[in-house]
Amino acid sequence: MKIILCKSYEEISVRAAEIVADVMKADPACVLGLATGSTPVGLYQKLIEMNQSGEIDFSEVTTVNLDEYYPIAPDNDQSYRYFMNVNLFDHVNIDKSKTYVPDGTAVDPVEACATYEALVAQVGPADIQVLGIGQNGHIGFNEPDAALEVATHVTDLTESTIKANARFFSSEADVPTKALTMGIGTILSAKKIIILANGAAKAEAVKKMLSGKLDTSCPASMLNLHGDVTVICDEAAMGR
Ligand code: PGA
């Protein structure tokens, strides 16, 4: 894994945006794999600025998001569809019909996952996948477990993830307990991966990811199986 050590969150966002922008310039009809959470917000802000200044163009871009809570409506302000609209899609010249997020309203979530897996294969693979990392080492909603799922699947959120995400909801009890998420195989199918981490709360997870071991108690460690992964993090996330 390549590591870009940054001095600040601002620098993480700038370096990540440069890498995503390079992919978009090389192929204006590229497929971007996108993530939610606090970490990529600065990256999306930079991409919006680059789009508004004319440096990058989203008109032919397709996006596939990692995950979505289940069940949740797209207009719920905690849904990941809503997050993507507010933090990126509403501010760039993207065709929203080519932006995909797993369907949090599906009657049959298992079928929705199979449909999403097929969709990612059909429009993809992603030219670049953006990832954050959970404090527990999760990527997407692939939570630490004895065995990890390869494909898009329905998952139960762990106690740690529900607690970490409670800050976005009125109370912990309001955090959905399930999600639809790309599997480890879906994520690894991307041609290029960047994983962003900032702050000391991520240090333990980053350390395990970089330990050189494939450890299902740190799903991000599976990224070691991919040949083109760049970790973009600050010194606190590196445990310094
Ligand atoms: P965060 O979440 O960016 O809000 O810290 C990252 C993640 O859980 O993947």
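Everything below is about the structure shown above.
Residues numbered from 1 in each chain as written. Predicted model: local features only at pLDDT ≥ 70, side-chain atom pairs only at ≥ 80, totals over all residues. Heavy atoms only, no water.

Novice: In this structure, what is going on with the sheet that holds strand β4 (residues 67–70)? I would like to understand it.
Specialist: Pairing within the open sheet is antiparallel, and its 3 strands lie in the order β4-β8-β7. In the strand order of this sheet, the two ends are held by β4 and β7 (153–156), each with one partner. Neighbour-to-neighbour, the strand axes of the sheet open up by a mean angle of 30°, direction not taken into account. Examined bridge by bridge, β4 and strand β8 (residues 178–181) share 4 bridges and lie antiparallel to one another. Pairing of Y70 across the sheet is with K178, part of β8. (Pairing = 2+ DSSP bridges. Helix = DSSP H or I, 4+ residues; strand = E, 2+ residues; numbered from the N terminus. Axes fitted to C-alpha atoms, helices over the stretch in contact; angles between N-to-C directions.)

Novice: Sorry if this is basic, but what is going on with the side chain of T63 here?
Specialist: On the secondary structure map, T63 appears in strand β3 (residues 62–65). The contacts of T63, once residues within four sequence positions are left out, are L32, L34, F89, I94, K98, T99 and Y100. (Contact = heavy atoms within 4.5 Å.)

Novice: Hey, could you run me through the layout of surface pockets in this one?
Specialist: Where empty space is left becomes clear once a probe the size of a water molecule has been rolled over the atoms. Taken as a whole, the largest pocket spans an internal volume of roughly 640 Å³. Looking at the lining of the largest pocket, the elements with two or more residues in it are β4, α3 (80–87) and α5 (159–165). Ranked by residues supplied to the lining of the largest pocket, first place goes to α3 with 5 residues. Counted by class, the lining of the largest pocket contains 15 nonpolar, 17 polar and 4 charged residues. (1 Å grid on protein atoms, 1.4 Å probe; cavity = no way out; pocket = protein on both sides within 12 Å on 5 of 7 lines; lining within 4 Å. Points joined across faces, edges and corners; volume = space filled by probe spheres on them. Nonpolar A, V, L, I, M, F, W, Y, C, P; charged D, E, K, R; others polar.)

Novice: Before we go on, may I ask you to explain the site of the ligand in this structure?
Specialist: Looking at the ligand, the residues that line it are G37, S38, T39, G132, I133, G134, H138, R167 and K202. One nitrogen or oxygen atom from the main chain of S38 is found 2.9 Å from an oxygen atom belonging to the ligand. In this structure, an oxygen atom belonging to the ligand sits 3.0 Å away from a side-chain N or O atom of R167. Contact with the protein chains removes 83% of the 280 Å² of surface that the ligand exposes when unbound. (Near = heavy atom within 4 Å. Polar contact = N/O pair within 3.5 Å; in protein donor to acceptor, adjacent residues only side chain to side chain. Areas by Shrake-Rupley, 256 points an atom, 1.4 Å probe, with all protein chains shown as cover.)

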